[in-house]
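# Examination of the molecular architecture
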Amino acid sequence: MPGPPDARRVLVSARVYSALQRALGAARVRRVLVAEHLRPAPGERVLDLGCGPGDVRAELPAVEYVGVDHSERYLAAARARHAGRGRFVRADLRLLRLEDEEPFDAAIAIGVLHHLDDGEGAAMLASAAHALKSSGRLITIDPALGDRESPLARWLILRDRGRHLRSSEGYAGLARGRFDHVVASTRHDLARVPYCHAILECTEPRP
Ligand SMILES: C[S@@+](CC[C@H](N)C(=O)[O-])C[C@H]1O[C@@H](n2cnc3c(N)ncnc32)[C@H](O)[C@@H]1O
């Protein structure tokens, strides 16, 4: 009979994820994303879609933070690390309906869209549009393919576990299904290794 989840193993594997991310320069990527794109003001309500172990929480000021993920393993790590600094909720982003939540000022999805096919991505974007105030914004970042990345960057990006890599315009096209204003930018300089990121700033949500 399967025993109860091994909490220690769960926390160790979330730590391995965060350590690997740090080695690749993900902390800097998150810092730039927050400072240049999300620009959160203290007191804002921020929704983190696919929050994983909650690594971005450390980069945010005193916001009202809600992280959502379907992995209990990551949520357990996030709750342990950020006790009292937000809520971490288990849910599937494709079916997310936050009816009991006040509308959010901002949402972020870091490294999530490239794990979702077009139908699933559209469902997540619909959830985000629904959860935001009409003045709210969604910021996403994902590995980009087909945006003049170097051969080494392309090789590294293709090692990612996400099966739905797109160009910056590919991600933007998906977001335009739910947001009237979408600005896509491509960055080749964010990681510690050759890489290419697509960042979207989405405003004017259509719930
Ligand atoms: C690459 S990780 C990024 C985690 C985190 N945003 C970060 O910055 O480290 C992608 C996350 O999306 C979550 N995820 C993927 N598909 C999901 C879904 N359908 N519902 C909820 N979470 C999902 C995974 O569990 C994982 O934590």
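Note that the coordinates shown come from a computational prediction; the quantities given were computed from them, not determined experimentally. (Residues numbered from 1 in each chain as written. Predicted model: local features only at pLDDT ≥ 70, side-chain atom pairs only at ≥ 80, totals over all residues.)

### Regarding the overall build of the chain
For the record, the criterion: The secondary structure listing takes helices from DSSP runs of H or I that are at least 4 residues long and strands from runs of E that are at least 2 residues long, numbered from the N terminus. Comment: burial labels come from other C-beta atoms within 10 Å of the residue's own C-beta, placed from the backbone, where a count of 20 or more is buried, 12 or fewer is exposed, and between is partly exposed. Think of it this way: build a C-beta for each residue from its backbone, and any pair within 7 Å is a contact.
Along the backbone of the chain there are six helices and seven strands. Starting at the N terminus and ending at the C terminus, the chain contains elements arranged as α-α-β-β-α-β-β-α-β-α-α-β-β. C-alpha extents for the chain along the principal axes are approximately 50 × 40 × 35 Å. Put simply, the chain has 207 residues, and 43% of those count as buried. Pairs at least 24 residues apart make up 67% of the contacts formed inside the chain by residues separated by at least 6 positions.

### So, the nonpolar core
Formally: The term nonpolar core refers to a set of buried Ala, Val, Leu, Ile, Met, Phe, Trp, Tyr and Cys residues connected through C-beta atoms within 7 Å.
Counting residues in each nonpolar core, the largest one holds 57 residues, and the members touching the most others are Leu49, Ala107, Ile108, Ala128, Ala175 and Leu200. Not counting residues up to four positions away in its chain, the partners in contact with Ile108 are Leu38, Val46, Asp48, Leu49, Val56 and Ile139.

### Some words on helix H4 (residues 118-131)
We count it as follows: One less than the residue count of a helix, multiplied by 1.5 Å, gives the span that helix is expected to have.
Between its first and last C-alpha, H4 extends 20 Å over 14 residues, near the 20 Å set by a 1.5 Å rise per residue. Residues of H4 that are buried include every one of Gly121, Met124, Leu125, Ser127, Ala128, Ala129 and Ala131, and no others. On its buried side, H4 packs onto strand E1 (45-49), strand E4 (104-110), strand E5 (132-143), helix H6 (168-175), strand E6 (179-187) and strand E7 (197-205).

### Considerations on the pairing of E7
Keep this limit in mind: A pair of strands is treated as paired once DSSP finds two or more bridges between them.
Here E7 lies mainly inside the structure; seven of its nine residues are buried. Judged from the seven bridges that link them, E5 and E7 form a sheet pairing that is antiparallel. Bridge assignment links Asp142 to a residue of E7, and that residue is Ala198. Two elements, E6 and E7, share eight bridges in a ladder whose sense is antiparallel. For His181, the partnering residue across the bridge sits in E7 and is Thr203.

### Remarks on unusual backbone geometry
With phi around 45 degrees, Arg39 is a residue other than glycine that occupies positive phi space. Along the polypeptide, Arg39 turns up in the loop between helix H2 (26-38) and E1.

### Observations concerning H6
Judged by how many residues are buried, H6 sits mostly within the fold: six of eight residues are covered. Three or more residues of H6 are buried, namely Ser168, Gly170, Tyr171, Ala172, Leu174 and Ala175. Those residues of H6 that are buried are in contact with H4, E5, E6 and E7.

### Structural notes on the sheet that holds strand E3 (residues 87-90)
Where we set the bar: Inter-axis angles, ranging from 0 to 180 degrees, are taken between N-to-C directions of lines fitted to C-alpha atoms, where helices are fitted over the stretch in contact.
Spatially, seven strands are ordered E3-E2-E1-E4-E5-E7-E6 in an open sheet, and the strand pairing comes out mixed. Two strands bound the open sheet, and with one partner strand each, they are E3 and E6. Each strand of the sheet is rotated relative to its neighbour by a mean of 15 degrees, with strand direction disregarded. Its contacts with the sheet place helix H3 (residues 72-81) against strand E2 (64-69) and E3, and it is angled at close to 170 degrees to E3.

### Comments concerning the site of the ligand
Let me state the cut-off plainly: Residues are classed as near a molecule or strand if the C-beta position derived from their backbone is within 6 Å of it. Polar here means any residue outside two lists: the nonpolar Ala, Val, Leu, Ile, Met, Phe, Trp, Tyr, Cys and Pro, and the charged Asp, Glu, Lys and Arg; Gly therefore counts as polar.
Around the ligand sit 17 residues in total, of which Gly50, Gly52, His70, Ile110 and Gly111 are the nearest. Within the shell around the ligand, the residues separate by chemical class into six nonpolar, seven polar and four charged.

### Comments concerning the environment of Val68
Positionally, Val68 belongs in strand E2. Each C-alpha atom of the pair Val68 and Leu96 lies 9.1 Å from the other, and the pair is 28 residues apart in sequence.

### Quick word on the confidence of the model for the chain
What counts here: Per-residue confidence from the predictor is reported as pLDDT, a score between 0 and 100.
Confidence along the chain averages 91 in pLDDT terms, with 93% of residues attaining 70 or more. Below pLDDT 50 for its whole length, residues 1-5 participates in one contact with residues either more than four positions away or in separate chains.

### Looking at the pairing of E5
Under the convention used in this document: With its strands directed away from the observer, a crossover is right-handed exactly when the path from the first strand over the helix to the second travels clockwise.
Among the 12 residues that make up E5, nine are buried, leaving the element largely enclosed by the rest of the structure. Pairing geometry for E4 and E5, over six bridges, is parallel. Counted as the bridge partner of Ile110 is Ile141 from E5. Once you follow E4 into H4 and on to E5, the crossover reads as right-handed.

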